[in-house]
Amino acid sequence: MARVNLEGIIKRFGNNDVVKDLTIDIKDREFLVLVGPSGCGKTTTLRMIAGLEDPSSGTIHIGDRVVNDLPPKDRDIAMVFQNYALYPHMNVYENMAFGLKLRHVPRVEIDRRVRQAAQILDIEHLLRRKPRELSGGQRQRVALGRAIVREPAVFLMDEPLSNLDAKLRVQMRAEISKLHQRLKTTVIYVTHDQTEAMTMGSRIAVMKDGVVQQLDSPQAIYDKPSNRFVAGFIGSPAMNFMDVQVDLKDDDAIILGSEAWQAKLPARERPALRSYAGRKVTLGIRPEHLRPLEPGTLPGTETPGQAVSFAGTVEVRETLGAETLLHVAVGALTMVVRADPRVSARVGETLQLAFHRENVHLFDPESEAAIS
């Protein structure tokens, strides 16, 4: 197995830098996910690691070797593509064995590797079928098997689940995670789906406009996003945002307020807010941290447990079985609330909501960086 190190990677197409000064150290046997919206540079980064694109500048290490000038076949990597890229005229066995034949691996060794990979992926009964006779999930397993038989130092996966239906994606996420644990190899995985990133990666690199916005464990990114983009991109439903006024009182308390509510907090809890006195900041609150209150609770007041409460009108109710999503209009804003499925609120009704101030995220309105 091998670690992968990217140092100062820049990729330029014409005058456009699609990857900008990218530096990441990917540990041996790590499962790193590159996640971000379309056009953020994640697939281009993966293709540079694979040798399918040349970096405009910077250095790529795989293990102890600088691989910038090595062709893909000499980099000891295997890539799994979005479209499977199976040969339609070959059966499953031949598809999985083809790359090994090109490398003149002995026939007995090819047979051992193919059958072992088929057993791992539970496709032994499919070895004589052609790709057209397989379902989408089965084709994806064959594509994974073709990568496994290579026994590479690094697996590169470019949105391998995007062509599958929702139920099968969930199943294959678990299968790939189990496969990583079994093979104990380095995996670099590209996706635009933040749920895939959260559930599969040991670390996540969130990218935007060719720049890594934050690199950390899934839970750390969820709990402490470095800026507004990361906060809004990671999490489903997305974080709610609103502009709030910051005022500093004589008793060394900070007041955060909107048209619907006010919250008083000791300055020692958020000392960085002192410099924002008299200005507005962006407040973020996740849907699961907005709690519907019992009827009769007064809006706009502090409630036990240092919570802030306010009123809104239910515009949309989405029942999902295990939970209910409520879209609540609060003044000109619409906020999404993740609630218990038995909550009684109906469309058009007034709903009291509360949140605890320790669950609030605050961001600079200009730089969008998190205010610690």
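Residues numbered from 1 in each chain as written. Predicted model: local features only at pLDDT ≥ 70, side-chain atom pairs only at ≥ 80, totals over all residues. Heavy atoms only, no water.

**Some details on the pairing of strand β19 (residues 333-339)**
A regular strand places its side chains so that they alternate between the two faces of the sheet. Bridge count between strand β18 (residues 324-330) and β19: seven bridges; the pairing is antiparallel. Bridged to valine 330 within β19 is leucine 333. The antiparallel pairing of β18 with β19 creates a hairpin that spans two residues between the two strands, and glycine 331 there sits at a positive phi of about 65 degrees. (Pairing = 2+ DSSP bridges. Helix = DSSP H or I, 4+ residues; strand = E, 2+ residues; numbered from the N terminus.)

**Quick look at the side chain of histidine 361**
Mapped onto the fold, histidine 361 is located in strand β21 (residues 361-363). The class for histidine 361 is buried, based on a relative accessible area of 14%. (Buried < 20%, exposed > 50% of the residue type's maximum accessible area, 1.4 Å probe, protein only.)

**Focus: the confidence of the model for the chain**
Per-residue confidence for the chain averages 91 on the pLDDT scale, and 96% of its residues sit at or above 70. For the chain, the element scoring lowest by mean pLDDT is strand β16 (residues 302-303), at 50; strand β10 (residues 211-216) scores highest, at 98. (pLDDT = per-residue confidence, 0-100.)

**Section: the pattern of salt bridges**
Counted by the stated rule, this structure contains 15 salt bridges. Put simply, aspartate 17 and arginine 12 hold a salt bridge, and the shortest N to O gap is 2.8 Å. On the basis of relative accessibility, which here comes to 25%, the residue aspartate 17 falls in the partly exposed class. Arginine 113 serves as the salt-bridge partner of glutamate 151, at 3.8 Å between the closest nitrogen and oxygen. Of the two residues, glutamate 151 is situated in the loop between α4 (136-148) and β7 (154-158) and arginine 113 in helix α3 (residues 107-121); the sequence distance between them amounts to 38 residues. Relative accessible area serves as the criterion here: at 42%, glutamate 151 is assigned to the partly exposed category. Look at arginine 113 and you get buried, because its relative accessible area is 16%. Residues joined by salt bridges that share partners form a network here, namely Glu109, Arg112, Arg113 and Glu151. (Salt bridge = Lys/Arg side-chain N within 4 Å of Asp/Glu carboxyl O.)

**Regarding the packing of aromatic side chains**
On inspection of all chains with the given rule, the structure shows six aromatic pairs. Ring geometry for tryptophan 261 versus phenylalanine 355: centroids 5.2 Å apart, planes at 80 degrees, classification edge-to-face. In this pair, tryptophan 261 is assigned in the loop between β12 (253-257) and β13 (262-266) and phenylalanine 355 in strand β20 (residues 350-356), connecting sequence segments 94 residues apart. Connected via pairs of aromatic rings, a cluster forms that spans Trp261, Phe310 and Phe355. The ring of tyrosine 93 carries arginine 128 above its face, with NZ or CZ at 5.1 Å from the centroid. The ring centre of tyrosine 222 lies 3.9 Å from the NZ or CZ of arginine 286, which sits over that ring. (Phe/Tyr/Trp six-rings, centres within 6.5 Å; stacked < 30°, edge-to-face > 60°. Lys NZ or Arg CZ within 6 Å of the ring centre and 35° of its normal.)

**Some remarks on the packing of α4 against helix α5 (residues 166-183)**
How two helices sit against one another is set out by the angle between their axes and by the gap between those axes. One can describe the packing of α4 onto α5 by two numbers: an axis separation of 11 Å at closest approach and a directional angle of 20 degrees. Relative to α5, the element α4 is oriented roughly parallel. Between α4 and α5 lies a crossing whose hand is right-handed. Within the contact between the two elements, α4 uses Gly136, Gly137, Gln140, Arg141, Leu144 and Ile148 and α5 uses Leu168, Gln171, Met172, Glu175, Ile176, Leu179 and Leu183. Split by residue class, the contact of α4 with α5 holds seven nonpolar, four polar and two charged. (Axes fitted to C-alpha atoms, helices over the stretch in contact; angles between N-to-C directions. Parallel < 35°, antiparallel > 145°, perpendicular 65-115°, else oblique. Left-handed = near helix turned anticlockwise from the far one by under 90°. Contact = heavy atoms within 4.5 Å. Nonpolar A, V, L, I, M, F, W, Y, C, P; charged D, E, K, R; others polar.)

**Topic: the environment of leucine 144**
With respect to the helices, strands and loops of the structure, leucine 144 is situated in helix α4. Relative accessible area serves as the criterion here: at 3%, leucine 144 is assigned to the buried category. Along the backbone, leucine 144 and phenylalanine 155 are eleven residues apart, and their C-alpha atoms lie at a distance of 9.6 Å.

**Points about unusual backbone geometry**
The omega torsion across serine 236 and proline 237 is 0 degrees, close enough to zero to call that bond cis. Turning to its location among the elements, proline 237 is positioned in the loop between α8 (228-233) and β11 (240-248). Phi is positive for aspartate 21, which is not a glycine, with a value near 50 degrees. For aspartate 21, the position within the fold is in strand β2 (residues 16-26). Phi at aspartate 76 takes a positive value of approximately 60 degrees, unusual for a residue other than glycine. Topologically, aspartate 76 is positioned in the loop between β5 (65-66) and β6 (77-80).

**Remarks on the sheet that holds strand β9 (residues 203-208)**
Sheet architecture is open: six strands sit in the order β6-β7-β8-β3-β9-β10, paired in mixed fashion. Edge positions in the open sheet fall to β6 and β10, since each of these has one partner strand only. Each strand of the sheet is rotated relative to its neighbour by a mean of 15 degrees, with strand direction disregarded. Sheet topology places strand β3 (residues 31-35) next to β9; four bridges connect them, and they run parallel. Within the sheet, the bridge partner assigned to valine 35 lies in β9 and is valine 206.

**Notes on the sheet that holds β2**
Across the sheet, four strands lie side by side as β2-β1-β4-β5; this open sheet has antiparallel pairing. Looking at strand neighbours, the two that pair on one side only are β2 and β5, the edges of this open sheet. Of the strands in this sheet, β1 (4-13), β2 and β4 (57-62) are in contact with helix α1 (residues 42-50), which crosses β1 at around 115 degrees.

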